[in-house]
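Architecture and fold: a report
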Amino acid sequence: MMPLTDQQLDSLTLAEGAATLNHAIDASIDVHQVKASLDRLADEAEHQLGAEPDMALRLEGLCRLFYHQWQFKGDIEQYFSSDNVFLDKVLARKMGIPASLGAVFLYLCGRLSLPVKPIAFPSQLVLRIDELDEAPVFINPFNGERVSQRILRGWLKGSQGPLAELEDSQLLPSDNPTIIGRWLTVAKSALLREEKYALALRCSELALTFSPDDPYEIRDRGYIFQQLDCDRVAATDYEYFIEQCPDDPAAELLKMQVKALNEEQATLH
């Protein structure tokens with residue numbers, strides 16, 4: 001059960017929406033504490049940079065403050081750790097991935113009246129600024145460095161193949177629900193890797209509030225149920241996927257899984 005509608009998510013900052021999502025996955029995460037931590041950083045940023053009238057210098061100062069003085073950085077060693085998707089951990093460790101670091105950076109930009117927007121680029125979150133130069137400026141929130149369209153084109157080919165072409169639409173700002181939806185997918189993948197199946201199940205159930213009939217999400221939920229020894233429910237989810245996607249290569253494998261699960265249930269009873 002997603003706690004907020006798309007309209008409500010868009011009324012919040014990305015960081016606030018992400019914190020709400022984090023709490024929906026793990027109820028031990030205190031949204032108010034996350035917000036207080038963000039506000040402490042924003043107060044310090046305003047104290048140091050709020051009086052700077054030149055927007056370019058203000059942005060340059062924020063990058064220096066965030067990445068050098070405070071030493072926020074991308075987690076190169078454990079990129080896929082769930083610690084990088086939960087904002088309380090990101091703020092405590094000062095490490096994250098582009099989405100989480102970008103959300104914190106955007107929160108600070110908002111307090112400093114910097115017109116920075118997020119882009120759900122195919123390979124990662126990218127930040128866009130339109131009012132510095134004649135052409136848009138793009139920032140990689142993983143390290144605070146500017147990225148050219150040539151580099152973005154390379155990222156796209158790396159994620160989608162050598163024939164992929166960079167399109168203008170891929171460089172447009174994205175809304176919060178789009179980014180939060182992708183964040184949810186990343187969180188689920190990280191929790192599955194760490195075998196935190198109960199939390200991964202919450203991710204799957206939240207995703208299904210966006211797309212209740214998505215056969216691939218239902219298939220993933222079936223896998224999670226199987227890991228939690230809920231074999232009957234897992235078989236039901238697998239059967240739905242097989243019915244909806246009979247030509248998918250996974251369907252034949254899942255038919256064998258369903259048969260084994262049903263036989264196991266019959267043996268137990």
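Below, the structure is looked at part by part. Predicted model, so just to flag it, every value in this text is computed and none were measured. (Residues numbered from 1 in each chain as written. Predicted model: local features only at pLDDT ≥ 70, side-chain atom pairs only at ≥ 80, totals over all residues. Heavy atoms only, no water.)

All right, on to the overall build of the protein chain then. Helix and strand counts for the protein chain stand at twelve helices and six strands. Considered along the principal axes of its C-alpha atoms, the protein chain spans approximately 75 × 45 × 35 Å. Across the protein chain, every contact between residues at least 6 apart in sequence was considered, and the portion connecting residues at least 24 apart equals 56%. For the protein chain, the accessible area works out to roughly 13900 Å², and carbon and sulfur atoms hold 51% of it. Of the charged side chains in the protein chain, 25 are positive and 42 negative; the average position of the first set lies 4 Å away from that of the second. (Helix = DSSP H or I, 4+ residues; strand = E, 2+ residues; numbered from the N terminus. Contact = heavy atoms within 4.5 Å. Areas by Shrake-Rupley, 256 points an atom, 1.4 Å probe, with all protein chains shown as cover. Lys, Arg positive; Asp, Glu negative; His and termini not counted. Charge placed at Lys NZ, Arg CZ, Asp CG, Glu CD.)

Here we take up the sheet that holds strand E3 (residues 116-120). Strand order in the open sheet made by the four strands is E3-E4-E5-E6, with antiparallel pairing throughout. What marks the edges here is a single partner per strand, and that holds for E3 and strand E6 (145-147). Geometrically, the sheet is characterised by an average inter-axis angle of 40° between neighbouring strands, direction not taken into account. This element, helix H7 (residues 149-160), spans strand E4 (125-129), strand E5 (137-140) and E6 of the sheet and lies at about 80° to E6. (Pairing = 2+ DSSP bridges. Axes fitted to C-alpha atoms, helices over the stretch in contact; angles between N-to-C directions.)

Another aspect to go through is the packing of helix H8 (residues 176-193) against helix H9 (residues 197-210). For the pair H8 and H9, interaxial distance at closest approach is 8 Å and the crossing angle is 155°. For the element pair H8 / H9, the angle class is roughly antiparallel. Taken as a pair, H8 and H9 cross one another with a handedness that is left-handed. Across the interface between the two elements, Leu184, Ala187, Lys188, Leu191 and Leu192 from H8 touch Tyr197, Leu199, Ala200, Cys203, Ser204, Leu206, Ala207 and Phe210 from H9. By residue class, the composition of the contact of H8 with H9 is eleven nonpolar, one polar and one charged. (Parallel < 35°, antiparallel > 145°, perpendicular 65-115°, else oblique. Left-handed = near helix turned anticlockwise from the far one by under 90°. Nonpolar A, V, L, I, M, F, W, Y, C, P; charged D, E, K, R; others polar.)

This paragraph deals with the pairing of E4. For E4, a buried count of five out of five residues is recorded, marking the element as mostly surrounded by other parts of the structure. Residues Leu125, Leu127 and Ile129 of E4 are buried on one face, and the alternating residues Val126 and Arg128, pointing to the opposite face, are buried as well. Sheet topology note: the E3/E4 ladder contains five bridges and is antiparallel. When the sheet's bridge partners are listed, Ala120 is paired in E4 with Leu125. Taking the residues between adjacent antiparallel strands as the criterion, E3 and E4 are bridged by four residues. (Buried < 20%, exposed > 50% of the residue type's maximum accessible area, 1.4 Å probe, protein only.)

What follows is about helix H3 (residues 31-49). Over its 19 residues, H3 runs 26 Å from end to end, which matches the ideal 27 Å to within 8%, given 1.5 Å per residue. Those residues of H3 lying buried are Val34, Ser37, Leu38, Leu41, Ala42, Ala45 and Leu49. The arc that holds every buried residue of H3, seen down its axis, measures 135°, which confines them to one face. Turned more than 90 degrees away from the buried face of H3, the exposed residues are His32, Gln33, Arg40 and His47. Residues of H3 that are buried make contact with helix H2 (14-25), helix H4 (55-69), helix H5 (87-93) and helix H6 (98-111). Capping of H3 at its N-terminal end is provided by Asp30; its side-chain oxygen lies 2.9 Å from the backbone amide nitrogen of His32. (Expected span 1.5 Å × (residues − 1). Arc of directions from axis to C-beta. Polar contact = N/O pair within 3.5 Å; in protein donor to acceptor, adjacent residues only side chain to side chain.)

All right, on to the environment of Leu101 then. With respect to the helices and strands, Leu101 occurs in helix H6. Distance in space between the C-alpha atoms of Leu101 and Glu46 is 18 Å, their sequence separation being 55 residues. If sequence neighbours within four positions are ignored, Leu101 has contacts with Phe66, Phe72, Lys73, Gly74, Val90, Met95, Gly96, Pro141 and Phe142.

Turning to the nonpolar core, a few remarks are in order. Counting 73 residues, the largest nonpolar core has Ile25, Leu62, Leu87 and Phe105 as its most contacted members. Once residues within four sequence positions are removed from consideration, Leu62 is found in contact with Ala45, Leu49, Phe105, Leu108, Cys109, Leu112 and Leu114. Within the second largest apolar cluster, ten residues are counted, among which are Phe138, Leu152, Leu156 and Ala164. (Core = buried A, V, L, I, M, F, W, Y, C linked by side-chain atoms within 4.5 Å.)

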